[in-house]
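Examining the three-dimensional arrangement
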Amino acid sequence: MSETVVITGASAGIGRATARAYAARGADVVLLARGRAGLAATADEVEKAGGHALALPVDVSDHRQVEAAADTAVRTFGAIDVWINVAFASVFAPFTDITAEEYARVTDVTYLGFVNGTRAALARMLPRDRGTIVQVGSALGSRSVPLQSVYCGAKHAINGFTSSVRTELMHNGSNVRITIAQMPAVNTPQFSWVLSRLPRKPQPVPPIYQPEVAARGVLYAADHPGRKQFYVGASTAATIVANKIAPGLLDRYLARTGYDSQQTDRPDDPRRRHNLWEPVDDDTDHGAHGAFDDRSGARAPQLWLSHHPALSAAVLAGTALGGTWAAVRLAGRGGS
């Protein structure tokens, strides 16, 4: 029998690439997102790739919509085998330039959206004592950067929330599993439609990976949910490990470089559409990829390492030490 997989944030980026990957397995894929044009295009891709699609317009910040979508998924395809939380929103700006309403909205989508999805999944998996939940996390959930305080805060919260749920499932001897796939910078449309108050266009900090790399990491995590988390991309692993070794030095380094590295050299249009309150892909499909195809890698050798924890630990230790030394040298050049 084919798997039934629910994916939030499925109309673009990592969610869309993951939907296509499951479709290639012949899965029944339930697509949750706000943008109707993006959802329709993703559903068409799923069907053409060999899967079966059910597209449901949903705002994950509303737990009632998420529960209703889960009910529809079960009525259509049967029991849910895998639930993948991807959907998020963000604001690129210094903390003092983000309004209280914007902060609440991002938190409702990016953090509580994961909570709502996890609750809906568990309500249908626990009675069967079977199923897997994958949270799509970020290196920024361990190492915060300037200009993304609301996103970093939500991703940190997801890590803490998921660890609590994981230990509760372990305590109860449940066969339901929950894990996290921690992501690097990924070439998604978010950088073109995120709300930004920066003078120049926002960009991911290199190295940048294509969404298909992230999707492979998500599928591997779903297939091997016994581990607490998986690092996708060497930059993710090095960032998280280096932050454990020398967080203060990274603070100084990011204070010096974090503003420029998250902006291109092109001015942004403060009047362009953004997706914080309304979807940008409701009337126009934006695809899975963002605007950085020419700078994004389609491979991540570290994914292979993540499948071999002992070897990976040795490599990560060396990478983190090298990265920390580089940060020490750069911070030292600042003279403070």
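As a reminder, the structure under discussion sits directly above these lines.
Each value, and the rule that gives it
- Counting starts from 1 at the beginning of each chain's written sequence and moves along it residue by residue.
- Only residues with pLDDT of at least 70 are given local features in this predicted model, and only at 80 or more are side-chain atom pairs given and counted; all residues enter the totals for whole chains, interfaces and linings.
- Hydrogens and water are ignored here; the side-chain numbers use all heavy atoms of the structure.
- The helix and strand labels rest on DSSP assignments: H or I over at least four residues marks a helix, E over at least two residues marks a strand, and numbering proceeds from the N terminus.
- For every residue, the accessible area obtained with a 1.4 Å probe (protein chains only) is divided by the maximum for its type, and the residue is called buried under 20%, exposed over 50%, and partly exposed between those limits.
- Polar contacts, as used here, are pairs of N or O atoms within 3.5 Å; protein pairs need one atom able to donate a hydrogen and one able to accept it. Residues neighboring in sequence count only if both atoms are side-chain atoms.
- Any pair of residues with heavy atoms lying within 4.5 Å of one another is described as a contacting pair.
- In this scheme, strands are said to pair when DSSP sees at least two bridges between them.
- A fitted line through C-alpha atoms serves as each axis, taken over the contacting stretch for helices, and the angle formed by two N-to-C directions is quoted from 0 to 180°.
- The definition of a right-handed crossover adopted here requires that, viewed with the strands pointing away, the path from the first strand over the helix to the second runs clockwise.
- For the purposes of this section, nonpolar cores are sets of buried Ala, Val, Leu, Ile, Met, Phe, Trp, Tyr and Cys residues that join through side-chain atoms within 4.5 Å.
- Roughly parallel covers angles under 35 degrees, roughly antiparallel covers those over 145, roughly perpendicular covers 65 to 115, and oblique covers all other angles.
- Here a crossing is called left-handed whenever its near helix is offset anticlockwise from the far helix by less than a right angle, and right-handed whenever the offset is clockwise.
- Ten residues, namely Ala, Val, Leu, Ile, Met, Phe, Trp, Tyr, Cys and Pro, are considered nonpolar, four, namely Asp, Glu, Lys and Arg, are considered charged, and the remaining ones, Gly among them, are considered polar.

Summarising the element assignment, Q182 is placed in strand 7 (residues 176–183). Assessed through its relative accessible area of 0%, Q182 is described here as buried. At a separation of 2.9 Å, a polar atom in the side chain of Q182 contacts the main-chain amide nitrogen of S138. Discounting chain neighbours no more than four positions away, the residues touching Q182 are G137, S138, N159, Q229, F230, Y231, V232, T236 and I240.

A separate point is the sheet that holds strand 7. Two pairing modes exist for strands in a sheet, parallel and antiparallel, and in both the strands are linked by backbone hydrogen bonds. An order of 3-2-1-4-6-7-12 is seen for the seven strands of this open sheet, with the pairing classed as parallel. Looking at the sheet topology across the chains shown, the edges are occupied by strand 3 (52–57) and strand 12 (229–231). Between one strand axis and the next, the sheet turns by 15 degrees as a mean value, whatever way the strands run. Pairing of strand 4 (residues 82–85) with strand 6 (residues 131–138) involves four bridges; the strand directions are parallel. Bridge assignment links N85 to a residue of strand 6, and that residue is Q135. On the sheet, helix 5 (residues 149–171) packs against strand 6 and strand 7 and is oriented at approximately 155 degrees with respect to strand 7.

For the rest of this paragraph, the subject is the sheet that holds strand 8 (residues 185–186). Pairing is parallel in the open sheet, where three strands are placed in the order 8-11-14. Of all strands in the sheet, those with a lone pairing partner are strand 8 and strand 14 (296–297), marking the two edges. For strand 8 and strand 11 (residues 208–209), the ladder comprises two bridges, and the chain directions are parallel. When the bridges of strand 11 are listed, V186 appears paired with Y209.

So, on to the pairing of strand 7. In terms of burial, strand 7 is largely enclosed, as seven of its eight residues are buried. Of the pairings in the sheet, the one linking strand 6 to strand 7 comprises eight bridges and is parallel in character. Note on strand 7: the bridge partner recorded for V136 is A181. You can see the chain leave strand 6, run along helix 5 and come back into strand 7, and the turn it takes is right-handed. Where strand 7 meets strand 12, three bridges bridge the pair, whose relative direction is parallel. Considered in strand 12, the bridge of I180 is made with Q229.

A word on the nonpolar core. Formed by 34 residues in total, the largest nonpolar core has its most connected members in L32, W83 and V91. At the level of secondary structure, the elements contributing two or more residues to this core comprise strand 2 (28–33), strand 3, helix 3 (63–77), helix 4 (100–125), helix 5 and strand 7. Take this core: its biggest share by element is seven residues, from helix 4. Once residues lying within four places of it in the same chain are set aside, the contact partners of V91 are I98, E102, V106, L147, Q148, V150, V194, L195, R197 and L276. Judged by nonpolar contacts, the second largest core, of 32 residues, contains V5, I84, Y209 and F230.

Further remarks concern the packing of helix 1 (residues 13–24) against helix 2 (residues 36–48). Helix packing geometry: the angle between the two helix axes and the distance between the axes. Where helix 1 contacts helix 2, the axes come no closer than 9 Å and their chain directions differ by 25 degrees. On the basis of their axis angle, the class for helix 1 and helix 2 is roughly parallel. Once helix 1 is placed against helix 2, the crossing between them reads as right-handed. From helix 1, R16, A19, R20 and A23 reach across to helix 2, where they touch G38, A41, T42, E45 and V46. Class assignment for the residues of the contact of helix 1 with helix 2 results in four nonpolar, two polar and three charged.

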